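Reading the structure
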Amino acid sequence: MSELLEVPQGALRLARYPVRAREQLRAWDAADELLLAELASVDPASETVVLNDEFGALTVALAAREGARVHQLTDSFISHCATRANLAANAIASERVVLLSALDPLPERIDLVVVRVPKATVLLAEQLRALRPHLHPATVVIGAAMTRHLHTAALDVFTELIGPTRTSLATRKARLVFAAVETPPTPPVGRWPVTWRAVTPWFGDRGPVVVAHAGVFAADRLDAGTALLLDALARDPAPLPPGAAVVDLACGTGVVGAHVALADPVAHLVFVDESFAAVASAEATWRATFGSDRPARFVVGDGLDTVQHGDPLAAGSIDRVIVNPPFHSGHALTDAIAWDMFVQSRRVLRPGGDLWVVGNRHLGYHVKLKRVFGNAAVVASNPQFVVLRSTRLAGTVQPRRQVRR
């Protein structure tokens, strides 16, 4: 569902991505509107980089100006998809926007940096550290966030890596951040990526070597839900068929898929995440654990359906999918992502293949899994988490999708 955003740069039709029936959330918030009002007089020819624009509202508005060329830098493939869709919806030439991840080269000289302050301060720090060599004394650095999400730690990062920082008064519960580029300092050396070894009952201290980039879920430790999932997988009495195809969906650091591969030397692993940094981390974890001889596939995509490069996974081609679904989109809580992943997993699983899910007990994933697969067994649980297993049965009817058009 698209809605009209009216800002000094023009009236724009914007929608979240993916488009869902009965969507209750907009593709922008008051912090985006506050930023665009502040940027109304900025020269459109400025070499501009926009950070963490969730659904492209900032990028599309700035690109709407004649002569504009905007670089959107984000860790989210879904944000890239949203920006492309919203550019097309407003008949704005896609050539005005360059979509970047943290793995891509930056413009040599940047005149304007527009920042939606992310939840993860470590991600903000790595982004600003990468940008810092491309800034000059006249570069304008301006950020925004909803007031409840703007913490002192983020302001300290601006001050440390850019220069003296101040904030605006709150307007409609949003606030601007202004950082003046100071020369020097030389930004301190970053600590990312980090490397550590996963120690679990499955392999003890012979577990995978994990390599993680900033902002990836559980980047420097094994979280409790994943530990429970790995223990349940290690106790699974039903072996995979020889040469089984296994998907580590929402793979994060790739620690789960790496464990599966250590246990089964002939399994074929596919790592999927919508985070560019997560897929890069999973690939680095794989190389650190197995070297360059054992192949695996690494996919940036919106779940299992829309991928950055190559083809989506074919229906009926996978023996097992393992996932810890995210239950938020940005700061908004939602079960739509998990539902999508369950439906997509059913599509790619062969009859007899299974989906393993770990999640907080209160999320009630067993209800959704029974709707999608017709079955859901509790494999393991503790007071906080539950591990569920659903099997793709032959001859069952595909359930109607309720939330995506």
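Residues numbered from 1 in each chain as written. Predicted model: local features only at pLDDT ≥ 70, side-chain atom pairs only at ≥ 80, totals over all residues. Heavy atoms only, no water.

**Section: the packing of aromatic side chains**
To keep it simple, the criterion reads: Between the rings of Phe, Tyr and Trp (Trp by its six-membered ring), a pair exists once the centres lie within 6.5 Å; its type follows the angle of the planes, with under 30 degrees stacked, over 60 edge-to-face, and the other angles tilted. Numbering goes from the N terminus for both helices and strands, where a helix is a DSSP run of H or I of at least four residues and a strand is a run of E of at least two. Accessibility here uses a 1.4 Å probe with only protein chains present; expressed as a share of the type maximum, an area under 20% marks a residue as buried, one over 50% as exposed, and anything in between as partly exposed. The rule for a charge over a ring is simple: NZ of Lys or CZ of Arg within 6 Å of the ring centre, and within 35 degrees of the ring normal.
Applying the stated criterion across every chain yields a total of five aromatic pairs. Between Phe271 and Trp286, the aromatic rings sit 5.6 Å apart at their centres with planes inclined by 70°, giving edge-to-face as the arrangement. Placement of Phe271 in strand E13 (residues 268-273) and of Trp286 in helix H8 (residues 276-290) is noted, with a sequence separation of 15 residues between them. Taken together, a centroid distance of 5.2 Å and an interplanar angle of 10° make the contact between Phe271 and Phe298 stacked. Residue Phe271 is located in strand E13, and its partner Phe298 is located in strand E14 (residues 297-302); the two are separated by 27 residues in the primary sequence. We classify Phe298 as buried; its relative accessible area is 18%. In textbook terms, an aromatic cluster arises when at least three aromatic residues are bridged by ring pairs, as seen for Phe271, Trp286, Phe290 and Phe298. Here the basic side chain of Arg166 rests over the ring of Phe178, its NZ or CZ set 4.3 Å away from the ring centre.

**What about the pairing of strand E19 (residues 349-360)?**
How we decide: Between any two strands, at least two bridges found by DSSP are needed for them to pair.
The buried fraction of E19 is high, at nine of 12 residues. Two strands pair when backbone bridges link them, and strand E16 (residues 318-323) and E19 are joined in this way by five bridges, in the parallel orientation. Bridging from a neighbouring strand, Ile318 pairs with Leu349 of E19. Here seven bridges tie E19 to strand E21 (residues 385-391), and the two strands are oriented antiparallel to one another. The partner of Trp356 across the bridge, within E21, is Arg389.

**Thoughts on the pairing of strand E4 (residues 70-73)**
Using the following cut-off: Clockwise travel from the first strand over the helix to the second, with the strands pointing away from the viewer, marks a crossover as right-handed.
By the alternation rule, side chains of E4 split into Val70 and Gln72 and His71 and Leu73, which are all buried. By the bridge criterion, four bridges tie strand E3 (residues 48-51) to E4 in an arrangement that is parallel. The residue of E4 that forms the bridge with Thr48 is Val70. Sheet topology note: the E4/strand E5 (residues 97-100) ladder contains four bridges and is parallel. Paired with Gln72 across the strands is Leu99, a residue of E5. This β-α-β element, E4 to helix H3 (residues 77-89) to E5, shows right-handed connectivity.

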